[in-house]
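Here is what each chain is made of, one letter per residue.
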Amino acid sequence: MSSTEERKFSLYHDLMQIKVMNILLISSPYDAWVMEEDCKISERIVSEYRGLNLSSPPRLTWVSSVDEAMAMLDSQNFELVIIMPHQYRIEAAETGKIIKAKIPDIPVVLLSHRELRNPGEGMPEGLDNIFIWSGDAELLVALVKNLEDALNVRHDTAKVGIRVIIVVEDSARYLSSFLPILYKELVRQTQAVLEEGLNAEHRLLTMRARPKILTAGTYEEALKIYHEYESYVLGIISDVRFPKNGVLNENAGLELLEKVNSDRSDIPLLLASNEPENMEKARTVNAYFVDKNSPDMLVEVRNFVLDHLGFGDFIFRTPDGQEISRAGSLYSLEKMLGSIEDDVFLDHCRNNDFSRWFYARTEIELANQVRPLRDYDFSDPETHREHIISLIRNRRMQRQQGVIVSFNPRDFDPETDFLKIGSGSIGGKARGLAFIGSLLERNSWVHEKYTDIRITAPKTLTIATSGFDDFIDMNGLKFLAKTDLTDAEVLDVVEEAIFPGWIEAQLWAYLHEIHYPLSVRSSSLLEDAQYQAYAGLYSTYMIPNDHPDLEVRLGQLVEAVKMVWASTFFNAPKSFSRRVNQRTDEEKMGVVVQQLCGQQYKDYYFPAFSGVGQSYNYYPFGRMKPEHGVASIAMGIGKSVVDGEQCLRFSPGLPKILPQCPTVEDSIRNTQTRFYALKMSGSEKVKIHTGSNLEQLDIADFTETLPVRKLASTYIAEEGRIRDTASLPGPKIMLFAPVLVHKVIPLANVLKDILSIAEKGMGGPVEIEFSVNMFEDAKPVMTLLQLRPMSARADLGKITISAEDINKAVCVSSHSLGNAVKQDIYDIVFVRMENFEVSATREIARDISAINSRLFKADRKYILIGPGRWGSADPWLGVPVEWNDISAVSVIVEVASESLRVEPSQGSHFFHNITTLGINYMMVLESEGNMIDWDWLTSAYVVDQTQYVTHVRVEKNLIVKIDGRSSKGIIRPS
């Protein structure tokens with residue numbers, strides 16, 4: 001939530017300070033019995049409060065006599081006393097006098113079964129008000145809220161500018177009819193316009209900002225309230241006949257409304273009378289009229305509240321009162337303001353209709369900005385109109401930043417940052433996204449510091465887990481959690497399943513307004529969790545969303561959502577769940593539908609570059625320190641980075657140091673040559689499945705595009721050097737020099753600050769996915785796509801690696817991940833380096849998977865040793881194992897090979913999950929102090945062997961020590 005919103009809500013904490021918590025009811029035992037047993041009044045009050053989303057329903061305490069009441073008042077605090085007379089009226093008034101003699105300020109209300117006062121007769125001494133009881137719990141709620149309004153109005157109007165509705169009525173019967181409907185409408189309509197998606201506390205706080213209802217029974221009382229709160233009056237509802245100067249006056253209501261209308265013609269007025277001839281008199285004072293004898297009286301009062309006090313849609317009317325159109329939200333009002341005629345616009349301005357509507361919707365700050373505006377403040381109506389539109393737009397943007405907004409298919413704002421369909425959890429990935437928006441809003445200094453780049457979160461729609469539950473239940477798919485079906489078989493089952501119609505209808509409304517490419521991503525309950533993150537185990541689908549037929553686009557989105565749900569039951573997450581002792585049938589899947597960052601080049605859509613930043617660097621190089629963090633970036637869509645393919649790695653603290661590019665030859669060999677982009681479909685119907693429209697392209701074929709022109713360097717063969725420009729002829733090398741060296745985009749500094757903010761916000765090391773879009777003539781946009789905690793590192797208890805450990809070691813690493821001592825391992829699976837071929841990495845992965853399966857079933861942990869980048873999606877960079885291929889591994893060792901020299905992939909999902917599972921990772925570099933004893937390995941007892949892979953077992957356990965403080969690690973026999 002924005003800092004402005006937080007300040008707003010901190011003000012609302014101070015509203016409605018005086019609450020009615022305890023009510024003393026004095027009645028006959030019979031009435032008490034009827035109210036409790038027949039009316040179930042306690043339950044109904046609680047039910048009414050819950051139904052209206054009100055907090056803290058009052059507690060009723062019954063007594064049957066004055067003596068019992070006095071004794072109870074001695075022992076307990078009450079904010080209200082209600083008397084239900086069972087004999088004569090005089091008894092109620094006398095009881096009130098006795099109570100007030102003891103506690104002068106306590107309100108005493110008479111709840112009668114019939115009208116006890118004659119017309120014009122004042123309130124009996126000892127009573128504050130009289131109501132007619134018909135057995136409806138809504139009346140009790142209304143009279144309690146009315147008392148609270150009277151007790152809080154002076155403070156709340158002065159503090160925040162809360163609006164006031166004045167009701168003038170001396171008849172207990174009509175007042176008892178009016179108040180419940182007014183309060184019910186006020187509460188319901190306030191709920192309807194609350195900022196959706198706020199937490200329960202904030203909803204209640206906003207509810208406190210609803211207008212207050214003040215009642216008066218005489219002309220003098222009404223006039224006093226009006227004068228005291230004139231600048232806050234939202235509307236007045238008045239009877240015609242009531243006391244003035246102590247005498248019943250036939251025209252007191254007309255005189256009151258005439259005075260108000262002459263002072264303030266912008267205040268809506270309602271005249272209520274049981275004499276139809278008063279309709280004409282109402283017109284003379286510009287008031288609406290309701291016939292008290294009409295069977296539709298309450299409906300007409302409700303319509304007045306909705307249409308004229310601002311609690312319903314905003315109704316655009318011509319100056320003569322003809323309805324033109326309606327707006328149900330700030331967004332629709334803003335759209336319609338751009339097209340209405342000048343005379344309609346100016347008439348609404350002069351009548352303060354806009355500000356009244358804003359006040360009714362608790363948009364007090366906006367209303368206060370609009371209300372003072374007058375025609376003469378602007379050179380012409382168009383300037384006036386544009387100013388109000390800009391105020392509304394700014395308020396909309398401010399209101400929805402960092403807030404999860406419930407999707408309303410009838411009237412949603414497509415510019416909303418974060419929308420939610422359904423109930424239940426939104427899942428880990430969506431929570432991280434929502435938190436990003438909150439952090440960006442709360443740390444506005446970042447935007448002020450980096451004025452040359454816009455930092456934002458993507459427009460997002462999330463489908464909560466209730467959608468997944470409905471889909472699974474209606475199709476009977478719970479069995480998928482326990483089966484051993486292949487991923488392809490799971491997809492086939494899910495593809496044939498019926499999609500929930502209520503979600504499809506909302507997605508149709510969403511796509512009707514949204515036309516940009518979309519990324520459909522998983523957001524499971526456990527994904528990106530603090531200690532057991534399932535990063536990258538579920539599916540992501542990207543769709544162009546550009547087909548001219550809405551039904552085709554809807555079909556593609558529905559299919560993508562189903563495929564994400566299907567990935568809940570894939571083998572990789574099942575293996576991961578077994579590893580962390582998590583029941584697979586407890587997992588639930590939310591879905592994130594996200595605006596894809598980028599723009600179209602030729603037939604493809606992609607950002608200039610994407611990347612992953614981590615606030616802690618497990619493999620610092622040279623002058624780098626772990627706390628400097630690390631980032632990996634690649635041109636195009638970020639699949640290259642998260643899948644562990646070729647990309648550029650740097651530290652935000654020292655961005656000019658590139659460990660993988662120390663020489664020109666290394667730069668040519670190790671930098672990115674291919675990138676991922678989304679193939680736009682145009683009028684084609686694309687099939688949604690993994691990789692169907694995400695293509696890997698050669699950078700050399702896109703040298704004329706803006707990303708290559710602004711980010712690439714050029715290799716000058718005749719000079720044997722690389723120049724930091726793409727404007728020269730020659731092969732393009734993706735070193736991102738304009739960004740990292742020349743700071744055309746201050747990426748390194750932005751990352752440092754964003755990672756620092758996020759680390760403080762999440763209470764530990766974090767990882768952020770991002771994309772950057774660049775333009776010819778506009779400042780670049782950095783979009784933060786995902787925030788998750790780097791799996792919590794174990795407390796760095798002291799691990800000592802002695803000289804004896806080094807001497808006996810069969811493996812020593814100066815770059816190790818973790819902080820542990822392990823002594824329960826007897827098995828080692830390794831790739832034989834003399835047989836290794838880069839072209840055989842897929843076959844090697846299959847061999848390892850088969851050996852892992854046997855070890856997993858036998859519950860034996862093992863050490864895995866081999867060349868290159870483990871878990872890379874690119875088989876030319878390492879062995880492309882997935883989680884179910886290595887589910888029993890305890891330690892992974894990465895060794896250098898003549899044919900395979902790559903940097904570790906800290907930004908990949910594979911690497912992220914290693915830290916989650918407590919799997920130690922050791923990198924054996926070709927540098928002093930690093931070694932692996934291949935002779936010892938090959939001399940051990942062979943359990944199994946393939947062309948490329950050997951499984952050996954030792955008689956005595958192996959000892960693994962990893963010192964997280966120094967990043968050193970050893971493996972030695974016991």
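None of these values were measured; they are calculated from a predicted model.

Novice: Explain the overall build of the chain to me, and be specific about the residues and the numbers.
Specialist: Tallying secondary structure elements over the chain gives 33 helices and 43 strands in all. Out of the 974 residues in the chain, the part that is buried amounts to 59%. Contacts spanning at least 24 positions in sequence make up 72% of the contacts within the chain whose residues lie at least 6 apart. Of the roughly 39200 Å² of accessible surface on the chain, a fraction of 49% belongs to carbon and sulfur atoms.

Novice: Would you mind going over the confidence of the model for the chain in detail, with residue names and values included?
Specialist: In this model, the chain carries a mean pLDDT of 84, and residues with pLDDT of at least 70 account for 85%. Between the elements of the chain, mean pLDDT differs from a low of 51, seen in helix 1 (residues 3-12), to a high of 96, seen in helix 9 (residues 219-228). Scored below 50 in pLDDT, residues 1-5 shows 20 contacts in the model against residues more than four places distant or in partner chains. Here residues 528-535 is modelled with pLDDT under 50, and outside its nearest four sequence neighbours on either side it reaches 38 contacts, counting other chains as well.

Novice: Could you give an account of the environment of D343, naming the residues involved and the relevant values?
Specialist: With respect to the element layout, D343 can be found in helix 14 (residues 342-350). For D343, a relative accessible area of 44% translates into the label partly exposed. Separated by 25 residues in the primary sequence, D343 and T318 have C-alpha atoms spaced 7.7 Å apart.

Novice: Report on the pattern of salt bridges, specifying residues and quantitative values.
Specialist: This model, assessed by the stated rule, comprises 41 salt bridges. D156 is the partner of K212 in a salt bridge, and the nearest nitrogen-oxygen pair spans 3.1 Å. Residue K212 is located in strand 7 (residues 212-216), and its partner D156 is located in helix 6 (residues 137-160); the two are separated by 56 residues in the primary sequence. When the shortest N-O distance is used, the salt bridge between R721 and E719 registers 3.9 Å. In this structure E719 comes out as partly exposed when scored by relative accessible area, which is 41%. Salt bridges sharing common partners tie together R521, E767, E769 and R788.

Novice: How would you summarise the environment of P107 if you had to cite specific residues and measurements?
Specialist: By the secondary structure assignment, P107 is in the loop between helix 5 (89-102) and strand 4 (108-112). Considering only alpha carbons, one finds P107 and I82, 25 residues apart in sequence, at a separation of 8.6 Å. Apart from the residues lying within four places of it in its own chain, the contact partners of P107 are E79, L80, V81, K100, D128 and L147.

Novice: So, the sheet that holds strand 18 (residues 460-463): which residues are in play, and what are the values?
Specialist: The strands making up a sheet associate through hydrogen bonds between their backbones, and the pairing can be parallel or antiparallel. Taken in spatial order, the 6 strands line up as 15-16-18-21-19-20 in an open sheet, and their pairing is mixed. The sheet is open, and its two borders are formed by strand 15 (405-406) and strand 20 (540-543), each paired with just one other strand.

Novice: Can you break down helix 29 (residues 747-762) residue by residue, with the values?
Specialist: End to end, helix 29 covers 22 Å across 16 residues, agreeing with the expected 22 Å (1.5 Å per residue, within 8%). All of the buried residues along helix 29 are L747, A748, V750, L751, D753, I754, L755, I757 and A758. Looking one or two places after helix 29, you find G763, whose phi comes out positive at around 75°.

Novice: Now, about the packing of aromatic side chains: what can you tell me, with residues and values included?
Specialist: Scanning the entire structure with this criterion turns up 18 aromatic pairs. With a centroid separation of 6.2 Å and an interplanar angle of 25°, the aromatic rings of F468 and F569 are classed as stacked. Taken together, the residues F468 in helix 20 (residues 465-475) and F569 in the loop between helix 23 (550-566) and helix 24 (571-579) connect sequence positions 101 residues apart. The exposure classification of F468 matches that of F569, with both residues buried.

Novice: Residue-level account of unusual backbone geometry, with values.
Specialist: Here the phi dihedral of N545 falls at roughly 55°; this positive angle occurs in a residue that is not glycine. Relative to the helices and strands, N545 resides in the loop between strand 20 and helix 23. A residue is classified by how much of its surface remains accessible, and N545, at 2% relative accessible area, is buried. Although it is not a glycine, D859 adopts a positive phi angle of roughly 60°. Mapped onto the elements, D859 comes out in the loop between helix 31 (841-857) and strand 37 (862-867).

Novice: Mind laying out helix 31, listing which residues take part and the relevant values?
Specialist: In this model helix 31 runs 24 Å from its N-terminal to its C-terminal C-alpha over 17 residues, within 8% of the 24 Å that 1.5 Å per residue would give. Listed as buried for helix 31 are T841, I844, A845, D847, I848, I851, N852 and L855. An end-on view of helix 31 places all buried positions within 160° of arc, on one side of the element. Helix 31 presents R846 and K857 as exposed residues on the side facing more than 90 degrees away from its buried surface. Where helix 31 is buried, its residues meet strand 36 (820-831), strand 37, strand 38 (889-895), strand 41 (941-945) and strand 42 (949-963). Looking at the residues trailing helix 31, positive phi occurs at D859, about 60°.

Novice: Please provide a residue-by-residue account of the nonpolar core, values included.
Specialist: Counting 70 residues, the largest nonpolar core has L333, L337, F354 and F358 as its most contacted members. Considering every element that reaches this core, the biggest residue donor is helix 7 (residues 172-192), with 8 residues.

Novice: Tell me about the sheet that holds strand 27 (residues 674-679), and please be specific about residues and values.
Specialist: The strand order across the open sheet built from 4 strands is 22-23-27-28, with neighbouring strands paired in antiparallel fashion. The open sheet has two edge strands, strand 22 (599-601) and strand 28 (694-698), and neither has a second partner. This sheet shows a mean twist of 50° between the axes of neighbouring strands, independent of strand direction.

Novice: So what about the side chain of D963? Which residues, and what values?
Specialist: Here D963 shows up in strand 42. Looking at D963, the relative accessible area reads 13%, which means it is buried. At 3.0 Å, the side chain of D963 and the side chain of S966 are in polar contact. Setting aside anything within four residues of it in sequence, one finds D963 in contact with I799, I801, G818, N819 and K968.

Novice: I'd like a rundown of the pairing of strand 3 (residues 80-83), residues and numbers included.
Specialist: Side-chain alternation along strand 3 places L80 and I82 on one buried face and V81 and I83 on a second face that is also buried. Sheet topology places strand 1 (residues 22-26) next to strand 3; 4 bridges connect them, and they run parallel. Bridge assignment links I23 to a residue of strand 3, and that residue is L80. Relative to strand 4, strand 3 is paired through 3 bridges, and the arrangement is parallel. Note that in strand 4 the partner of V81 across the bridge is V108.

Here is what the cut-offs are and how they apply
- Residues numbered from 1 in each chain as written.
- Predicted model: local features only at pLDDT ≥ 70, side-chain atom pairs only at ≥ 80, totals over all residues.
- Heavy atoms only, no water.
- Helix = DSSP H or I, 4+ residues; strand = E, 2+ residues; numbered from the N terminus.
- Buried < 20%, exposed > 50% of the residue type's maximum accessible area, 1.4 Å probe, protein only.
- Contact = heavy atoms within 4.5 Å.
- Areas by Shrake-Rupley, 256 points an atom, 1.4 Å probe, with all protein chains shown as cover.
- pLDDT = per-residue confidence, 0-100.
- Salt bridge = Lys/Arg side-chain N within 4 Å of Asp/Glu carboxyl O.
- Pairing = 2+ DSSP bridges.
- Expected span 1.5 Å × (residues − 1).
- Phe/Tyr/Trp six-rings, centres within 6.5 Å; stacked < 30°, edge-to-face > 60°.
- Arc of directions from axis to C-beta.
- Core = buried A, V, L, I, M, F, W, Y, C linked by side-chain atoms within 4.5 Å.
- Axes fitted to C-alpha atoms, helices over the stretch in contact; angles between N-to-C directions.
- Polar contact = N/O pair within 3.5 Å; in protein donor to acceptor, adjacent residues only side chain to side chain.

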